Amino acid sequence: DHDIIIIGGGITGLSTAAALLRQRDGEDSGTTTTSDIIVHPEQICILEKSTCIRPVGATIGLFPNGATALEAISPELANEVF
């Protein structure tokens, strides 16, 4: 039984799960929240229709809002990307 179901194991779904778990770990994401919800890994279910992970040769472009979101979710990763 899961409290949070994320549809899609792509970049958006995984980023959502990472952001929820980052909030749980007490890391400051730079955002203001109106609740003190604590999310545990066992509460999250990520549903993906693909049966395997394979490279597709796609490029990921980050527009300003995407860059801001990446910095909020993981400043360390944002530093590596930029």
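Going by the structure above, here's the rest.
Now for a quick tour of the structure. Owing to the predicted nature of the structure, the values given are computational and were not obtained by experimental measurement.

## Brief notes about the overall build of the protein chain
A count of helices and strands for the protein chain gives three helices and two strands. Its helices and strands taken in sequence order, the protein chain reads β-α-β-α-α from the N to the C terminus. The buried share among the 82 residues of the protein chain stands at 17%. Of all intrachain contacts in the protein chain linking residues separated by at least 6 positions in sequence, the fraction that spans at least 24 positions is 58%.

## Quick notes on the side chain of Gln43
Tracing the backbone shows Gln43 in the loop between α1 (11-24) and β2 (44-47). For Gln43, the contacting residues outside a window of four places in its chain are His2, Asp3, Ile4 and Ile38.

## Concerning a nonpolar patch on the surface
On the surface, Ile11, Ile60, Leu62, Leu77, Val81 and Phe82 cluster together into a nonpolar patch covering about 600 Å² of accessible area. Note on placement: Ile11 falls in helix α1. Accessibility expressed as a relative area gives 53% for Ile11, which makes it exposed.

## Here's the deal with the environment of Gly9
Mapping Gly9 onto the fold places it in the loop between β1 (4-7) and α1. With a relative accessible area of 25%, Gly9 lands in the partly exposed category. In sequence terms Gly9 and Leu47 are 38 residues apart; their C-alpha atoms lie 6.5 Å from each other.

Cut-offs applied
Residues numbered from 1 in each chain as written. Predicted model: local features only at pLDDT ≥ 70, side-chain atom pairs only at ≥ 80, totals over all residues. Heavy atoms only, no water. Helix = DSSP H or I, 4+ residues; strand = E, 2+ residues; numbered from the N terminus. Buried < 20%, exposed > 50% of the residue type's maximum accessible area, 1.4 Å probe, protein only. Contact = heavy atoms within 4.5 Å. Patch = residues over 30% accessible without salt bridge, like charges linked within 9 Å, V, L, I, M, F, W, Y side chains within 5 Å. Areas by Shrake-Rupley, 256 points an atom, 1.4 Å probe, with all protein chains shown as cover. Salt bridge = Lys/Arg side-chain N within 4 Å of Asp/Glu carboxyl O.

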